[in-house]
Amino acid sequence: MDTLLKDNDHATREDGHPVTIRGGQAFLQRLLIRLRVRLGSFSPDPALGSELYRLPASMAGEERDRLALHYAQQALLPERVRVESASCRPIPGKVDALAIALSLRVGGRPFPLEVAI
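Everything quoted here is computed from the prediction, not taken from an experiment. Each chain carries its own residue numbering, running from 1 in the direction its sequence is written. Local features are withheld for residues below a pLDDT of 70 in this predicted model, meaning they are given only at 70 or higher, and side-chain atom pairs are given and counted only at 80 or more; totals for whole chains, interfaces and linings count all residues. To obtain the side-chain values, all non-hydrogen atoms of the structure were included, while hydrogens and water were left out.

Visitor: Hey, could you run me through the nonpolar core in this one?
Guide: Among soluble globular proteins, nonpolar side chains are generally buried collectively. Among buried residues, those of type Ala, Val, Leu, Ile, Met, Phe, Trp, Tyr and Cys that are joined through side-chain atoms within 4.5 Å constitute a nonpolar core. Under the scheme applied here, a residue whose accessible area is under 20% of the maximum for its type counts as buried, over 50% as exposed, and between as partly exposed, the area being computed with a 1.4 Å probe on protein chains only. If you look at the biggest cluster of nonpolar residues, it comprises 22 residues, and the most contacted ones within it are L35, L52, L55, I100, L102 and L104. Elements represented by at least two residues in this core include exactly α1 (23-36), α2 (61-76), β5 (82-90), β6 (98-106) and β7 (109-116). Whether two residues are in contact is decided by their heavy atoms: any pair within 4.5 Å suffices. Residues within four places of L35 in sequence aside, it is in contact with S50, L52, A72, A75, L76, L102, L113, V115 and I117. Only runs of H or I of at least four residues qualify as helices and only runs of E of at least two qualify as strands under DSSP, and these elements are numbered from the N terminus.

Visitor: When you look at the packing of α1 against α2 in this model, what are you seeing that I'm missing?
Guide: Geometry of a packed helix pair, given as the angle between the helix axes and the separation of the axes. What counts as an axis is a line fitted to C-alpha atoms, over the stretch in contact for a helix, and the angles between N-to-C directions run from 0 to 180 degrees. Orientation of α1 relative to α2, taken along the N-to-C sense of each, is 125 degrees, at an axis distance of 9 Å. In this view, α1 runs oblique relative to α2, as classed from their interaxial angle. In terms of crossing hand, the pair formed by α1 and α2 is right-handed. Only A72, A75 and L76 of α2 make contact with α1, whose side of the interface consists of L31, R34 and L35. In this scheme, roughly parallel covers angles under 35 degrees and roughly antiparallel covers those over 145, while 65 to 115 is roughly perpendicular and the rest are oblique. In this scheme the crossing of two helices becomes right-handed for a clockwise turn of the near helix relative to the far one and left-handed for an anticlockwise turn of less than a right angle.

Visitor: Help me out: how do you make sense of α1 in this one?
Guide: Since the α-helix advances by 3.6 residues per turn, residues separated by three or four positions end up pointing in the same direction. Taking 1.5 Å of rise per residue, the 14 residues of α1 would be expected to cover 20 Å, and the 20 Å separating its terminal C-alpha atoms lies within 8% of that figure. Residues A26, F27, Q29, L31, L32, R34 and L35 constitute the buried set of α1. An expected span of 1.5 Å times one less than the residue number is assigned to each helix.

Visitor: Would you mind showing me how to read the environment of L52 here?
Guide: In this structure, L52 sits in the loop between α1 and α2. By relative accessible area, which is 1% here, L52 ends up buried. Separated by 18 residues in the primary sequence, L52 and H70 have C-alpha atoms spaced 9.1 Å apart. For L52, the residues in contact, after removing those within four places along its chain, are L35, A68, Y71, A72, I100, V115 and I117.

Visitor: Which parts of the structure should I look at to understand the side chain of Q29?
Guide: Tracing the backbone through its elements, the reader meets Q29 in helix α1. Residue classification places Q29 among the buried residues on the basis of a relative accessible area of 9%. Polar contacts, as used here, are pairs of N or O atoms within 3.5 Å; protein pairs need one atom able to donate a hydrogen and one able to accept it. Residues neighboring in sequence count only if both atoms are side-chain atoms. Within the structure, the side chain of Q29 is placed 2.9 Å from the backbone oxygen of T3, a separation counted as a polar contact. Apart from the residues within four sequence positions on either side, Q29 is in contact with D2, T3, L4, L5 and I21.

Visitor: Please clarify how the pairing of β6 should be interpreted in this entry.
Guide: Look at any regular strand and the pattern is simple: side chains alternate between the two faces of the sheet. When DSSP finds two or more bridges between two strands, those strands count as paired. Pairing analysis gives eight bridges linking β5 to β6, with the strands arranged antiparallel. Directly across from R82, in β6, lies its bridge partner R105. Pairing of β6 with β7, which is carried by eight bridges, proceeds in the antiparallel orientation. Pairing of A99 across the sheet is with A116, part of β7. Between the end of β6 and the start of β7, which pair antiparallel, lie two residues, with G107 showing a positive phi angle near 55 degrees.

The structure is reproduced here in structure tokens:
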């Protein structure tokens, strides 16, 4: 069980209590946290996070995709998720921001995921 994160804070119900999540929703949130957090920036667990933030928006497509794949594989290794491919594209209107489409395999099943960095 975990608490739902929304807009960089804990989501709350109308009564002010945190919204709890479980199962697949909690798992998805853990994956997104591991991908979005800068590796080494969370002092209680410096191994949490990824190096996806280091991807240069100006790098060529296939080379950047290979590097994104490597960074995602490293970040998700503790979750025992297999990252099969990564594809990056710029986010219009946001300087140096990238959307990274990942093809994951979770428990033998394909699982698409997109994260903005």
